[in-house]
Amino acid sequence: MQDIMVSYGKYTDTHLFAKFGFVNGDGSGYTEASIATMHPLLDVGMGQQFNYLVDFGNGTKITTEYDYEAQTRSMVNYLRYDDGYDDFIAKKGNPKGYQLKLLKLRHLQKIANDYDRWTFRIGPRNNTSEPSKSSDIPIRTRVPQFNPHNIKFDGRKIISTCRLIALTVEDFNRKAIETLEMELLNDNFFIERNKQINWS
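Residue numbering note: each chain is counted from 1, following its sequence as written. Only residues with pLDDT of at least 70 are given local features in this predicted model, and only at 80 or more are side-chain atom pairs given and counted; all residues enter the totals for whole chains, interfaces and linings. Values shown for side chains rest on all heavy atoms present in the structure; no hydrogens or waters enter the calculation.

A. Representation of the nonpolar core. Of all hydrophobic cores here, the largest spans 26 residues; its most connected members are Met-75, Tyr-78, Leu-100, Leu-108, Trp-118 and Leu-180. Helix and strand definitions here come from DSSP, where helices need a minimum of 4 consecutive H or I residues and strands a minimum of 2 consecutive E residues; each element is numbered from the N-terminal end. Of all the secondary structure elements, the ones that give two or more residues to this core are helix 2 (65-79), helix 3 (95-110), helix 4 (115-118), helix 5 (156-166) and helix 7 (176-182). At 4 residues, helix 3 tops the list of elements feeding residues into this core. Here, the term nonpolar core denotes a set of buried Ala, Val, Leu, Ile, Met, Phe, Trp, Tyr and Cys residues that are joined through side-chain atoms within 4.5 Å. Working definition: with a 1.4 Å probe on protein chains only, accessible area under 20% of the residue-type maximum means buried, over 50% means exposed, and in between means partly exposed.

B. Expanded view of unusual backbone geometry. For Phe-172, which is not glycine, the phi dihedral falls at a positive 55 degrees. Here Phe-172 shows up in helix 6 (residues 171-174). Relative accessible area serves as the criterion here: at 12%, Phe-172 is assigned to the buried category. We note that Asn-173 has phi near 55 degrees; this positive angle belongs to a residue other than glycine. Here Asn-173 shows up in helix 6. With a relative accessible area of 52%, Asn-173 lands in the exposed category.

C. Representation of the layout of surface pockets. Of the pockets and cavities examined, the second largest pocket occupies roughly 430 Å³. Site definitions follow a grid-based scheme: protein atoms alone, a 1 Å grid, a 1.4 Å probe that fits but cannot get out for cavities, and for pockets an open set with protein on both sides within 12 Å along at least five of seven lines, plus lining residues having an atom within 4 Å of a point. Lys-110, Ile-111, Ala-112, Asn-113 and Asp-114 are the residues nearest the centre of the second largest pocket, which is lined by 21 residues in total. Of all elements in the fold, only strand 3 (61-62), helix 2 and helix 3 reach the threshold of two or more residues within the lining of the second largest pocket. Of all the elements, helix 2 adds the most residues to the lining of the second largest pocket, at 4 residues. Grid points are joined across faces, edges and corners, and a volume is the space filled by probe spheres set on the points.

D. Focus on a nonpolar patch on the surface. Grouping into patches uses exposed residues only, defined as over 30% relative accessible area, and leaves out salt-bridged ones; the cut-off is 9 Å for like charges and 5 Å for nonpolar side chains (Val, Leu, Ile, Met, Phe, Trp, Tyr). Residue burial considers only the protein chains on display, and all accessible areas are found by Shrake-Rupley using a 1.4 Å probe. A pair is scored as a salt bridge if a Lys or Arg side-chain nitrogen falls within 4 Å of a carboxyl oxygen belonging to Asp or Glu. Together, Phe-146, Ile-151, Phe-153 and Ile-159 give the surface a local cluster of nonpolar side chains, amounting to about 340 Å² of exposed area. Considering the arrangement of structural elements, one finds Phe-153 in the loop between strand 4 (119-122) and helix 5.

E. Seen up close, the packing of aromatic side chains. The aromatic pairing rule takes the rings of Phe, Tyr and Trp, using the six-membered ring of Trp, and pairs them if the centres are within 6.5 Å, calling planes under 30 degrees apart stacked, those over 60 edge-to-face and the rest tilted. This model, assessed by the stated rule, comprises 1 aromatic pair. Between the aromatic rings of Tyr-78 and Trp-118, the centroid separation amounts to 5.0 Å while the plane-to-plane angle is 35 degrees, which identifies the pairing as tilted. With a gap of 40 residues between them, Tyr-78 in helix 2 and Trp-118 in helix 4 connect regions that are remote in the sequence. Definition used: whenever NZ (Lys) or CZ (Arg) falls within 6 Å of the ring centre and also within 35 degrees of the ring normal, the charge is taken to sit over that ring. We note Arg-117 situated over the ring of Phe-190; from NZ or CZ to the ring centre the distance is 4.2 Å.

F. Molecular detail of helix 2. One fewer than the residue count of a helix, multiplied by 1.5 Å, yields its expected span. The end-to-end C-alpha distance of helix 2 is 22 Å, a good match for the 21 Å that 15 residues give at a rise of 1.5 Å each. Turning to helix 2, its buried residues number three or more, namely Gln-71, Thr-72, Ser-74, Met-75, Tyr-78 and Leu-79. Contact between two residues is taken to exist if any of their heavy atoms lie within 4.5 Å; hydrogens are not considered. Where helix 2 is buried, its residues contact helix 3, helix 4 and helix 5.

What follows is the structure, encoded as structure tokens:
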């Protein structure tokens, strides 16, 4: 008698654990790393079944008014620590810094549910793993390790999000406010590493 073996496709270990309470211990599952520590993603990159955005049928998906307000309150936390500044930004003490902070929040709202801007999916640690002869025989007794040579990481989208959070009024040749205002209508705005940004 043979056991039925199930493949979970590209569902990540995070997703499997949240849904079923277990993961495949042989390293055949996908792993994900996320910087979305302050807000819930309403599109977790797993298709329509796990997408909580409202679909208008023309390819446009947006949040409900309630979700938008709740997410906005969460997104503020990314800017709470005023990264890149020596002191806390106050509206009266640093009006330009405060204006930039509001612009950064608007940009964060735009990408709040863009999975690739917050999460990176890593391929299986062991993509040659096969089922054992029986479910009472473990495939392996040790957790497979990550091989850094097998990980292809294009972090431009996630790094751009981090750069947006840490952007200061001194960046873009002191035209950070003008740049973010101009790019509000650009859905593909990325902050690349260049000489106009003061990264230490």
